[in-house]
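The residues making up each chain are set out below.
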Amino acid sequence: MAEDVCVVCGHEGESVAHVFVHCHFAKAIWDLLGFDMQHFGVMGTQTNLQWSSILGIWKQDGNLSLGLYAGWLIWFNRNQCLHHGLCKSPASLLELIGRMAKDSVEAQTKIPSPGVDIQYNWIAPSKGILKLNLDPGYDSISQLATCGVVLRDQHGDVLVSAVACFCGSPSPLQAELRAILFGLELMQSGNFKQVLVESDSLLAVKEINASGDSVSLWYGLISDIVHLAAICNVLGASCLLGERLML
């Protein structure tokens, strides 16, 4: 990383170690989380960090997930400052770290056991409202994603149905988001309005509804979904696993 001025603090030269450790913003985050800063000092120089050693200590202390969330958000905040001129406070970033940890626990507890077949009953929307259901599939080895979408009215009559295949999808979340965007593009092409979107991905629904506060790697894709949802007058997004969130 070039020795430019840090875009977050604006005072010191930027390096990997500065962004994650020496910047006053990063120090505030680690201090709020109760992490021992000496772990960074003895294992890194002013410009480099020995991440393998740091991660080993976090794992030993039971703080690996929390440390990874914090590191990711510190980097995410730096990029938001650089590319969009937006910088969160340490307190607001701490809140996001807590949200990520909570979402991770909820996602793990709601994953069905292997071999368990879960049946979902389709619930009709109110009169004059349409419902868009999406069902993506994902293969991590080939990074191939497929999805089926169906649009129905309050009587359950199918107005539109389609399938799609996406190559080069590096994660299940990205596949879910691409499926939602594909469905919204169909809504736009057919000039359908007053639509409810229903997905089986709790994390995707939460990230879409978080909108500007999303810290997902797929922030640009989420922004496209939110923009298209406004054009299509999407009324909200819900998850089949029980949580309903509004766009």
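Every value quoted in this text rests on a predicted model; they were computed, and no experiment measured them.

Turning to the nonpolar core, a few remarks are in order. Within the largest apolar cluster, 32 residues are counted, with the highest numbers of intra-cluster contacts made by Leu 132, Leu 177 and Leu 184. Counting residues per element, the ones that place at least two in this core are β1 (130–139), β2 (144–152), β3 (158–166), α7 (172–189), β4 (195–199), α8 (202–210) and α9 (219–231). Looking at which element gives the most residues to this core, the answer is α7, with nine residues. Beyond its immediate chain neighbours, meaning those up to four positions away, Leu 177 contacts Ala 204, Ile 208, Trp 218, Leu 221, Ile 222 and Ile 225. One finds Val 8, Phe 25, Tyr 69 and Ile 97 within the second-largest nonpolar core, a separate group that totals 25 residues.

It is the contact of α7 with α8, at a shortest axis distance of 9 Å, that shows an interaxial angle of 65°. In this structure, α7 meets α8 at a crossing whose hand is right-handed. The segment α7 lies against α8, with Leu 173, Glu 176, Leu 177 and Ile 180 engaging Leu 203, Ala 204 and Ile 208. For the contact of α7 with α8, a count of residues per class yields six nonpolar, no polar and one charged.

This next bit is on the confidence of the model for the chain. Averaged over all residues, the pLDDT of the chain is 79; the fraction at 70 or higher stands at 79%. Mean pLDDT values for the elements of the chain range from 39 in strand β6 (residues 244–245) up to 92 in helix α2 (residues 24–33). Between residues 240–247, whose pLDDT stays under 50, and residues either more than four places distant or in other chains, the model counts 29 contacts.

Bringing the environment of Ala 204 into the picture now. The topology assignment puts Ala 204 in helix α8. With 32 residues separating them in the primary sequence, Ala 204 and Pro 172 have C-alpha atoms 9.5 Å apart. Those residues within four positions of Ala 204 in sequence are excluded, and the remaining contacts are Leu 173, Glu 176, Leu 177 and Ile 180.

Okay, the environment of Glu 12 next. Relative to the helices and strands, Glu 12 is located in the segment before α1 (16–22). In this structure Glu 12 comes out as partly exposed when scored by relative accessible area, which is 39%. Discounting chain neighbours no more than four positions away, the residues touching Glu 12 are Asp 4, Val 5, Cys 6 and His 18.

Here we come to the pattern of salt bridges. Within the structure shown, the criterion is met by two salt bridges. Across the salt bridge formed by Glu 14 and Arg 78, the nearest N and O atoms sit 3.0 Å from each other. Of the two residues, Glu 14 sits in the segment before α1 while Arg 78 sits in helix α5 (residues 64–84), which places them 64 residues apart along the sequence. Taken as a pair, Glu 14 and Arg 78 share a single burial class, namely buried. We note a salt bridge from Lys 131 to Glu 198, for which the minimum N-O separation is 3.6 Å. Placement of the pair is Lys 131 in strand β1 and Glu 198 in strand β4, with a sequence separation of 67 residues. Across the pair, exposure class does not vary: Lys 131 and Glu 198 are buried alike.

Structural remark: α-helix, 3.6 residues per turn; residues separated by three or four positions point the same way. Of all the positions in α2, only Phe 25, Ala 26, Ile 29, Trp 30 and Leu 33 are classed as buried. Angularly, the buried residues of α2 cover 130° about the axis, an arc narrow enough to put them on a single face. More than 90 degrees from the buried face of α2, the exposed residues found are His 24 and Asp 31. Positive phi appears at Gly 34, one or two residues downstream of α2, with a value of about 80°.

Glancing now at unusual backbone geometry. One non-glycine residue with positive phi stands out, namely Gln 143, at about 55°. Following the sequence through the fold, Gln 143 ends up in the loop between β1 and β2. Among the residues examined, Gln 143 registers a relative accessible area of 32% and is labelled partly exposed. Positive phi outside glycine occurs at Asn 191, with the angle close to 60°. In this structure, Asn 191 sits in the loop between α7 and β4.

About the thresholds
- Residues numbered from 1 in each chain as written.
- Predicted model: local features only at pLDDT ≥ 70, side-chain atom pairs only at ≥ 80, totals over all residues.
- Heavy atoms only, no water.
- Core = buried A, V, L, I, M, F, W, Y, C linked by side-chain atoms within 4.5 Å.
- Buried < 20%, exposed > 50% of the residue type's maximum accessible area, 1.4 Å probe, protein only.
- Helix = DSSP H or I, 4+ residues; strand = E, 2+ residues; numbered from the N terminus.
- Contact = heavy atoms within 4.5 Å.
- Axes fitted to C-alpha atoms, helices over the stretch in contact; angles between N-to-C directions.
- Left-handed = near helix turned anticlockwise from the far one by under 90°.
- Nonpolar A, V, L, I, M, F, W, Y, C, P; charged D, E, K, R; others polar.
- pLDDT = per-residue confidence, 0-100.
- Salt bridge = Lys/Arg side-chain N within 4 Å of Asp/Glu carboxyl O.
- Arc of directions from axis to C-beta.

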